Structures are given as C-alpha cells and as structure tokens.
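Here are the chains, one letter per residue:
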Amino acid sequence: MRKYMLKRILFSLFSLLVVVMVVMLLVYTAIERSSIFQTDDVWNKKSANDRVIYEYTMYSKYGYLNYVDYTNFIKSKYTELYGADYATSKEFIADKAAVQKSDWKDNESVNEFIQKYGTQGYKLRYLEPLKYKSGKTKPGGTGYLIAIQEKNVVWRLLDYIKGFITAENKNMVQDPELTDRYVRFEKDPYSGAFAIVGSGTQHKYLLYFDGRFPFIHQNWLHLNLGTSYTTYRGQEITSVITNPTGELKSKSQQYPLMLGTDQYVDTAINFHSLTYNTGVISDVEKSQFPDKYTVYSYNRSGLSMIENSFVIGLIATLLAYAIGLPLGMLNARRKDKLADKLGNAYIIFIMSVPSLGYIFMFAAIGTSVFKLPYKFANAAIPILAYVLPTISLALPQIGSLMKWMRRYMIDQMNSDYVKFARSQGLSEKEIYNTHISKNAMIYLVHGIPASILGCLTGAIITETVYGVPGVGRLLTNAINSHDNGVIVAVTVFYTTLSILSLILGDVLLAKYDPRISLNADKGGGR
Amino acid sequence: MSDKNMNAQNADLFRFIDRDEISSEKITAPRYSYWRSVFRVFFRKKSNIVMIVLLVLIFLGSFLLPLVWPYDPMENVLDAKSFNLSPAKAMAYYNGENPIKWCLGTGQLGNSIMYGIWSSARTSLQLAIICAAINMTVGIIVGAVWGYSKRFDAVMLVIYNIIANVPYILLISVLVYVIGSGFWPFVFALTVTGWLGIAYFFRTQVMIIRDREYSLASRCLGTPVPRVISKNILPFLTSVIVTLLATELPSYISMEVFLSFIGVGLSASVPSLGRMIQQGQTAFMTFPWAFWPPVIIASIITILLYLLGQNLADASDPRTHM
C-alpha cells in the first residue's frame, strides 16, 4: 500500500510537471504575443522606436523575455557613484546622449554595455534615431540601445520550480543599513499573545495569533504559484486569492510608535501584515514606525476570494449530498410511481437545459418571489448574499446525485443478496436503507473528495451571475487579459487539486469497500 | 380392420419427398431484426412520436426559415431608437410592418429576436451534430482499441492523465486565439481533445466486455482482433453508445452557450444562441424579451435531444424487446 501510494504520488508529480510545461508552451508560444497590444491604447499612441521599446518592456513584464535598456544600465552605473543625484552628473548626460549620435559605438559605457550583455547571451539591438532632414527628431524617433534574451520553455519551467516555495530567513532583505537582524519570540502588542517576529525578513510577523479564522497565521513559508501582471498588478496569486475582499474595516488602533501612549487612531491597517519597505521612507511613516517595516495591507469586512468560493461550494455540496442521496433512494424505491416521475422530470431538466438558463431562472425566482439580494455587493444583510449562489450551485448537484443514486440502487435491486434478505424476512425499509444503499454508495464514494476539493476552484457562471468575489473567474479573466503568470498559477492549482482528489477518492473507496485493493497485482490478494 | 389394411390405407396419405440438406441445417424461428425491434419498441411510446414531430419542426424551422428570414444583427445598428424595444413597442415602432419579425422585440443593437433565434438555432444544431459525429467516431474507435490492447492502454493512460488536466477553457481559448473563432475553427477547438473523454469512458466499457467468456472463447478459436472488436464487443455496447449520444448532442449546445458567456465563443459574424444569450444576460431583468427566447429555444432543443436519445437508448437494449 505504501509503495503503491509513493509510486502514485511520484507519477502525479511527473504529470503535474508535464501539464505545467504544456500550458507554458500554449500560453507563451502558441498565442501570438503581439495580441496583447490589440486593445492597448498606450501602444496605439506610441509610434516608431518608442513603440518598439514599449513592446519590449511589456514582453518582459509578461514574462516572455529578459530585457535591459542601456539608459537603465547607465542609471544604475552612476547611481552607485553619485547616489540620487546621478541625473545631473556630466558623465550621465553625455553617455545618455551618445546613442542619439551616429558615432555611438565610440562611447565607453556603450562598449561596457555591449561587453556585459553580449557575453551573457543577450541579443543586442540598436534602434537608430529617426530624424527629419532638418535634424529634428521625428515623433517617437529617439534612438535606443537594448539587450534582449528570449526565455525558453525549459528554463522558464526550472525558474518556476526554483521559486515555488520560499522560506523567510533573517538575511532576506538586502539592505546594508539594516544591521540588527534576528528572528525571535516577542510579545505581540496587537493580539496580547506572543508572536515570532523577524528583522531582516520580508515580513515582520512570521507567526501570530488574531481573531480571524483559523486564528493562528504564518508568513514564514510562501507558496509562489505565479505573479499577476495585468489583472492584479504585481501581486502574487496566492495572496490575491487569500487576502480578504470587501469594504475596509476600521477600528481604534495604535501605530507601532504610539504603543505605550494613550494615542489611538481609527484605521483599517492590518499591523500583522507589515513587510519591509525597500524604497524611500516618508516623514509621515518615520513618525509612525520605528523601523522600515512600513508596507501593509488592510483589514476588510469580507472573506477572501477562495473563502467565498469555498463557503458557497461546500455548503452547496453538503446540501446536495444531504438532499440528493435520500431523494435518489426514494425514487428507486418508488420506481415508476409519481415521486419517481417527478424526480426524473427534474433530472432531465437539470441535465439538458444549459446551466446558464436555469441559473438565471433561479436568480429571477429568488429575487422576485423570495426578495433575496441579486448582486453580491448590493446585499443589505451580507449573509443573505450567499443564499442564492449556494442554492444555484446545490440544485444541479442534487439532480446529478439523484440520477446516479437512483441508477445504482435500481441496478442492485435484483441482486441475490436482496432476494436473500427478503427471504430472511427483513422489512423493505431495512433492505433499502441499509443494504442496497450501502452497495450503491460504492460507486459514489469515489467522487466525494473531488466534489469537496472542487469547491476551491469556484464556479464560473454562478459567481459571475451573482457578482461573487470568488476564484471562479480567475482563469477566464487571466486568459482574456493575457495574464500569463496567473494562467500558469491557476493551472498548477487546479491540476494539484484534481490529482489529489483522484488519489483521495481511491483511498476512500478502498476504505469503504474492503473488497477493493489498490495494489495493481490483481488476483494475488494482499 | 387389421393393421395391415390400415397401413395400406394410410400409405396413400403420405408421399416421399427429396431430402434437403440445406434446409435441415436451418432453425425455423421467426426472423429477428435487431433494428426493427428497436424501432418497434421506440414507437410503441406515443410521446416519442410527438417529440420527433416537434424536433423535425425545429430542424425544418432552423434550416429553412433563415432562407426566407435572413438575419442581420447589424441591420439597425445606426438607429439607436430601435434598441432594446419590448415586443409591443417594437411592433408599434415599425407601424405593424412585418409583425412576425418584431413579435419578440429587439435586442441591444435593434436586431430582430425572432429572426435571430432561428438563424442561431441552425448554428447550434450544426455545431452539435458535427462535433458529436467527429468526437463519437474518433472516441469509439480509439476507445475500442484502447480498451482491448493492454500495451496501448499504458501509453494512452499517461496521455490522458496529462491532457485531461490541462484546463479545458484554457485549451479552447488558446486554440480560438491561434486559429480564429469562425465556425470551423470552433468545431476544431471542440473536437481536438473532445474525443478523449469519450474514448476513456468507452475504454472502461470495452474492458468489462473484453474478458467475458464468450469473447475469450472466440479468441481461443482464433478470431482476428478487428473481428472480435467489431462483432463481439461493439454490438454489446450499442445501447451504451446511444446513451452517450443522448448526452453528447445537447452538451455541445450547452458548451457553446457557456463558452460564449465567458467570452471565447464563436465570432460575432456567426449568429449563435450562446452569443444571443450572452448579450441578453447583461440586462436580463430590464429587457427579459432579449434573454428568454434564445434560452427557451436552446432548452427545448436540448431537452428533446436528451429525451429522445434516452428513449432510443432504452429501446436499443435487447432486454426490452420481449
């Protein structure tokens, strides 16, 4: 059994890798990359060389290639020498102007640039300045020197795997000014309990308690599935789906420097989310924070995207099993009677009508007859907003469970064990409820983990119709906006869930029915 | 009367006939034709005839009506007053001129809903039939071999595990981006991996039948593999195939509606139910007449296809032929 599971998990990891590679091939090479500019106004406004440069910056942002601009190169070169005043230095101005001249190759910095990136395998490209005969530069005709490196699929995959899991340590922040580095237990002024606090780590609070489910939180290990470029600018997809949504929730709090005084302010800042600020600290921030951990997120009233989807999905699934299975059993017992006919009509309706049709029907009935809120954000009582989406998700699941339960029960009804039970004088109720249903459930047990884990992926139509801030539209939005990082991240997430639910389904099946053995060598028994 | 006498008398009643070797080999039983029995059982139910008539009417409507009622979604695009008119207002707006055209109101670009649903239904039906035909044919052939050959099974399982895990929406979106979103590219996108699920389902069914005794006996007698598959296994699965067809046909119509809804459907130049529903859903509370007609026609088509398919599947099970 253990050997089998190990083999199974290794194989799953392999197929996960291949899936990621296939998806990377699809999104990075199969789609013509210039299609990202189809609806881009900035691109339309730019012309000539400026447009080429804009294209390259966007390509590098979307993860197609590595791109270095000569101007950025000299910028960092002179920042090292002159600090923030680099822009006024004579050398910088002279070097910057060099690429606009015809003798650009004679410049020292230019040669340094060519030398550095040429040896690293970059392709160098010089965009000649476009000028009118009078010597004036044409619009968008500035000269540029750039270095480009295409990413290939294997490297992209390796880079992706390398950054998959990161653990925080006290040397993570690269800042020579920060000398006091530690990770230690401290009393947490915001929760009253203790917390693990770091300095030199990305997050300040690595482990802490608060009043939000599941009450203990960590910022130590990060799962980096991918970074969004367009839909959620620059955010990691794991934090996008786990950060709370909804309106800001203010309460009376103290900034770190106010602690110990009786000064309080109303703010929605979540002080447990502080991260290191690598930029410039403003004066206001200096008066509020003792250190450079000044970047924060806010407390919000709603659940996070994935919690929204999961709550709705889980309640719907539980309802579906609680209602669908007994109804399916009833239909099988009353085969060809009225109850069965009604049940069949419902099943046919759910199975054949396009889901969009009946979800809108439920929405129309729910809002007009039961006066339930339609759009999620407009609900006066927040909890009521969950009712219609949950019901819309549960009703089709009930139909499908009813259908299969009925089918499998009817298949079992003529079995020998049923005849035997009847001949032994068991009541019909006993036969159906304990014997037939138990055997019919064998076929359904396998799907239980899939339907529970599937809640984490959200429901596209339901969430869109009711405007639920959930994870269902993540993939479609990402595809529509060419958010390649998110597409890969979501694929990994979906694939992991689907593989996991298959394995769990098999284990559950083997536990439920002892006759089933997971070991492949059939006939041998143990 | 003596026995002898009687024998002589009876002998007149008999005459010798030639021994017929061929007919002595035949078993005299009523001729049984499988498909005739299937249709006898199928048409025994009166509701099936009603449904077939309805379906034929819808087919005729959607393939013939667009010829006399050409649908152009952009015909009134310059006339903003004609947008989103309720049926009564639309008929009033056009002064009772061509009342059938406006009897269901206008859509968000002043398009006729009545003409629209028929042209769109034609696209949906064509799509469903062509996709089902391609996917079922490829799926059943591959599935039959897949279930029969253990070596092929090992290879196909790896491929299946990988392709089944690539999100379907992603695959279709990428294909639509790469090859365009006209009718035929869309058919290609739906069929390029669509057969795999059918083949996998069919593989399991074939595996169950493969090791039955009669099939084993046939193999021992040296029947070649193609013959075992086509004569021993496939006929056994006729009702499974018909059941599959009953769920597959309507599923492509629902699939097109779903894909249009998320924005990767057919291009704007092809009228389709999915596009009409997608356009109608944005304001389905305020302009319900633009939303419900395409939903209803799509639902009627899918319900009819599903019910007829299920009943045909029931009828194609030989156990119901008694």
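As shown above, the structure is provided for reference.
Basis of the calculations
- What you see as residue numbers is a count from 1 along each chain, following the sequence as written.
- Starting at A for chains and at 1 for ligands, labels are handed out in the order in which the entities are written.
- The predicted nature of this model means local features are confined to residues of pLDDT at least 70 and side-chain atom pairs, given and counted, to a pLDDT of 80 or more, with totals for whole chains, interfaces and linings taken over all residues.
- The side-chain figures draw on all heavy atoms in the structure; neither hydrogens nor water molecules are used.
- Only DSSP runs of H or I reaching four residues or more are called helices, and only runs of E reaching two or more are called strands; each is numbered from the N terminus.
- Two things to know: the radius of gyration comes from C-alpha atoms, and the globule rule equals 2.2 Å times the number of residues to the power 0.38.
- For every residue, the accessible area (1.4 Å probe, protein chains only) is compared with the maximum for its type, and the residue is labelled buried under 20%, exposed over 50%, or partly exposed between those bounds.
- Note on definitions: a residue-residue contact is assigned when non-hydrogen atoms from the two residues lie within 4.5 Å.
- Aromatic pairs are defined between Phe, Tyr and Trp rings, using the six-membered ring for Trp, whenever the two ring centres lie within 6.5 Å; interplanar angles under 30 degrees are classed as stacked, those over 60 as edge-to-face, and all others as tilted.
- Axis definition: a line fitted to C-alpha atoms, limited for helices to the stretch in contact. Angles are taken between N-to-C directions and run from 0 to 180 degrees.
- Reported orientations rely on four angle classes, namely roughly parallel under 35 degrees, roughly antiparallel over 145, roughly perpendicular from 65 to 115, and oblique for the rest.
- Note that Gly is not counted as nonpolar here; it falls among the polar residues with everything else outside the nonpolar set of Ala, Val, Leu, Ile, Met, Phe, Trp, Tyr, Cys and Pro and the charged set of Asp, Glu, Lys and Arg.
- When two parts are brought into contact, each loses some accessible area as probed by a 1.4 Å sphere; the total of that loss over both is the buried area.
- The term salt bridge refers to a side-chain nitrogen of Lys or Arg lying within 4 Å of a carboxyl oxygen of Asp or Glu.
- We call two N or O atoms a polar contact when they sit within 3.5 Å, provided that within protein one can donate a hydrogen and the other can accept it, with sequence-adjacent residues counted only if both atoms are side-chain atoms.

Peer 1: Go over the overall build of chain B, please, and point to the residues and values.
Peer 2: Of the regular secondary structure elements, chain B holds 16 helices and 0 strands. What you see for chain B is a C-alpha radius of gyration of 29 Å, clearly larger than the 20 Å of a compact globule of 322 residues, by over 25%. Based on the C-alpha atoms only, the size of chain B along its principal axes is roughly 110 × 55 × 30 Å. Taken across its 322 residues, chain B has 45% of its residues classed as buried. For chain B, restricting intrachain contacts to residue pairs at least 6 apart in sequence, the fraction spanning at least 24 positions comes to 71%.

Peer 1: Could you give an account of the packing of aromatic side chains, with specific residues and numbers?
Peer 2: Residues and elements named next belong to chain A. Counted by the stated rule, this structure contains 45 aromatic pairs over all chains. Centre to centre, the rings of Tyr56 and Tyr67 are 6.1 Å apart; their planes meet at 10 degrees, and the pair counts as stacked. In this pair, Tyr56 sits in helix H3 (residues 48–61) while Tyr67 sits in strand E1 (residues 65–69), placing the two residues 11 residues apart along the sequence. As far as the burial class goes, Tyr56 and Tyr67 line up, both buried. For the ring pair Tyr205 and Tyr208, a centre distance of 6.4 Å and an interplane angle of 75 degrees mean the geometry is edge-to-face. Both residues of the pair, Tyr205 and Tyr208, count as buried. Linked through ring pairs, Tyr28, Phe37, Trp43, Tyr54, Tyr56, Tyr59, Tyr64 and Tyr67 together constitute an aromatic cluster.

Peer 1: Before we move on, could you go through the environment of A:Lys511 and cite the residues and values that matter?
Peer 2: All names here are of chain A. Checked against the element boundaries, Lys511 lands in helix H19 (residues 484–512). Residue classification places Lys511 among the exposed positions, given a relative accessible area of 66%. Put simply, Lys511 and Pro449 are 62 residues apart on the chain and 13 Å apart in space, counted from C-alpha to C-alpha.

Peer 1: For the packing of helix H3 (residues 34–44) of chain B against helix H4 (residues 46–68) of chain B, give the residues involved together with the corresponding values.
Peer 2: Residues and elements named next belong to chain B. Packing of H3 against H4 brings their axes to within 5 Å, and their N-to-C directions diverge by 90 degrees. Considering the angle they form, H3 stands roughly perpendicular to H4. Contacts from Phe42, Phe43 and Arg44 of H3 reach H4 at Lys46, Asn48, Ile49 and Ile52. Residues that form the contact of H3 with H4 fall into these classes: 4 nonpolar, 1 polar and 2 charged.

Peer 1: Describe the interface of chain B and chain A, with residues and values.
Peer 2: Contact with chain B, which involves 33 residues of that partner, is made by 40 residues of chain A. Summed over the three residues of chain B that lose the most area to chain A, namely B:Asn165, B:Tyr177 and B:Phe261, the buried surface amounts to 19% of that side. If you look at where chain B meets chain A, you find 0 salt bridges. On the surface where chain B and chain A come into contact, there are 2 residue pairs in polar contact (both at pLDDT 80 or more). Listing elements by their share of the side of chain B that touches chain A, those giving two or more residues are helix H8 (150–163), helix H9 (168–179), helix H14 (238–262), helix H15 (273–281) and helix H16 (288–315) of chain B. It is H16(B) that contributes the most residues to the side of chain B that touches chain A, 9 residues altogether.

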